[in-house]
Amino acid sequence: NAGVTQTPKFQVLKTGQSMTLQCAQDMNHEYMSWYRQDPGMGLRLIHYSVGAGITDQGEVPNGYNVSRSTTEDFPLRLLSAAPSQTSVYFCASRATSGGYGEQFFGPGTRLTVL
Amino acid sequence: GNSVTQMEGPVTLSEEAFLTINCTYTATGYPSLFWYVQYPGEGLQLLLKATKADDKGSNKGFEATYRKETTSFHLEKGSVQVSDSAVYFCALSSNNAGNMLTFGGGTRLMVKP
């Protein structure tokens, strides 16, 4: 199993540009999520999905869109990039519905917005 | 809402020293508690977890006990190694937001030979 994969690893955007961060998992997990990591703030939840066709907002959803058309893929779209979105983005997946289940994280995408 | 507070780093120790990283939380209900570790340039990996009060999670020599009375989940290791150098995150999950994780700010540990 490849686990959770993310592309690209690095990206530089100009303010106002749009892009999609890709996330895929091959573990048949129902639960997937996106977090952003900023210095001293840990990881904060952007959006999450509890199954194909179902998404919901997390703590910091503004400026981001998601969709979940398949179990495997959960792309994150930046509609109009802003410097405040410079961060490291992690995708994660989890098998169980309960909060005790382990989340598996991808390697991250480092995004810089100029 | 839920929140996790952990000691700021960096924590610098010599090899074989004793490690404690403090973590306290605020949550409604009965959250599950986790410690994740992030090695340089990598994603997060689950280190250990505890799902109810008085549970002790352990892995690779690390331990943490779920203390409901003090709302704490402190990470300890009796003898650290250089290879333990990483960033450690305390986290909880509860019944809101699809049981997704709420993280502390992370603590960087540096172990010197």
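The following refers to the structure shown. (Residues numbered from 1 in each chain as written. Chains lettered and ligands numbered in written order. Predicted model: local features only at pLDDT ≥ 70, side-chain atom pairs only at ≥ 80, totals over all residues. Heavy atoms only, no water.)

Let us look at the nonpolar core. Residues and elements named next belong to chain B. With 25 residues, the main nonpolar core has L19, W35, L47, L48, F73, L75 and Y88 as its most contacted residues. Counting residues per element, the ones that place at least two in this core are strand 2 (11-14), strand 3 (19-21), strand 4 (23-26), strand 5 (32-38), strand 6 (44-50), strand 8 (62-65), strand 10 (86-93) and strand 12 (107-112). The dominant element in this core, judged by the number of residues it contributes, is strand 10, at four residues. Apart from residues lying up to four places away in sequence, F73 is in contact with C23, L33, F34, W35, L48, K49, A50, A64, T65, Y66 and C90. (Core = buried A, V, L, I, M, F, W, Y, C linked by side-chain atoms within 4.5 Å. Buried < 20%, exposed > 50% of the residue type's maximum accessible area, 1.4 Å probe, protein only. Helix = DSSP H or I, 4+ residues; strand = E, 2+ residues; numbered from the N terminus. Contact = heavy atoms within 4.5 Å.)

Attention shifts here to the pairing of strand 8 of chain B. Residue and element names in this part refer to chain B. Bridge count for strand 7 (residues 56-59) against strand 8 is four bridges, and the pairing is antiparallel. Counted as the bridge partner of N59 is F62 from strand 8. Counting the residues between successive antiparallel strands, the hairpin from strand 7 to strand 8 contains two residues, one of them, K60, with a positive phi of roughly 55°. (Pairing = 2+ DSSP bridges.)

Looking at the largest pocket, its volume works out to about 850 Å³. Looking at the largest pocket, it is lined by 38 residues, and the ones nearest its centre are A:Q37, B:Q38, B:V87, B:F89 and B:R108. Among the secondary structure elements, those contributing two or more residues to the lining of the largest pocket are strand 9 (87-94) and strand 11 (109-113) of chain A together with strand 1 (3-6), strand 10 and strand 12 of chain B. The greatest single-element share of the lining of the largest pocket, amounting to four residues, is contributed by strand 11 of chain A. (1 Å grid on protein atoms, 1.4 Å probe; cavity = no way out; pocket = protein on both sides within 12 Å on 5 of 7 lines; lining within 4 Å. Points joined across faces, edges and corners; volume = space filled by probe spheres on them.)

Residue and element names in this part refer to chain B. With antiparallel pairing, the four strands of this open sheet are ordered in space as 3-9-8-7. Where the open sheet ends on each side, the last strands, each with one partner, are strand 3 and strand 7. The sheet shows a mean angle of 15° between the axes of neighbouring strands, direction not considered. (Axes fitted to C-alpha atoms, helices over the stretch in contact; angles between N-to-C directions.)

Once that is clear, we can look at the environment of A:T71. All names here are of chain A. Its location among the elements puts T71 in the loop between strand 7 (64-66) and strand 8 (76-78). Distance from T71 to S49, taken between C-alpha atoms, is 9.6 Å for residues 22 residues apart in sequence. Contact partners of T71, with chain neighbours within four places excluded, come to Q25, N28, H29, E30, M32 and A52.

What follows covers the state of the cysteines. The full count for this structure, using the stated rule, is two disulfides over all chains. Note that A:C23 is cross-linked by a disulfide to A:C91, the S-S spacing being 1.8 Å. Given an S-S torsion of about -70°, the disulfide between A:C23 and A:C91 has left-handed geometry. Taken as a pair, A:C23 in strand 3 (residues 19-25) and A:C91 in strand 9 lie far apart in primary sequence, 68 residues in all. Two residues share a disulfide in this structure: B:C23 and B:C90, whose sulfurs sit 1.9 Å from each other. (Disulfide = S-S within 2.5 Å.)

Throughout the structure, instances matching the rule amount to 10 aromatic pairs over all chains. Aromatic side chains A:Y35 and B:F103 sit 5.6 Å apart centroid to centroid with 90° between the ring planes, which places their arrangement in the edge-to-face category. Taken together, the residues A:Y35 in strand 4 (residues 31-37) and B:F103 in strand 11 (residues 101-103) connect one chain to another. By relative accessible area, which is 0% here, A:Y35 ends up buried. Measuring from centroid to centroid gives 6.1 Å for B:Y25 and B:Y66, while their planes differ by 85°, and the two rings are edge-to-face. Of this pair, B:Y25 sits in strand 4 while B:Y66 sits in the loop between strand 8 and strand 9 (75-77); the two residues are 41 residues apart in sequence, bridging distant segments of the chain. An aromatic cluster is defined as three or more aromatic residues linked by ring pairs; in this entry it consists of A:Y35, A:F105, B:F34, B:Y36, B:F89 and B:F103. Over the aromatic face of A:F74 sits the side chain of A:R68, whose NZ or CZ is 6.0 Å from the ring centroid. (Phe/Tyr/Trp six-rings, centres within 6.5 Å; stacked < 30°, edge-to-face > 60°. Lys NZ or Arg CZ within 6 Å of the ring centre and 35° of its normal.)

By themselves these figures say nothing about function.
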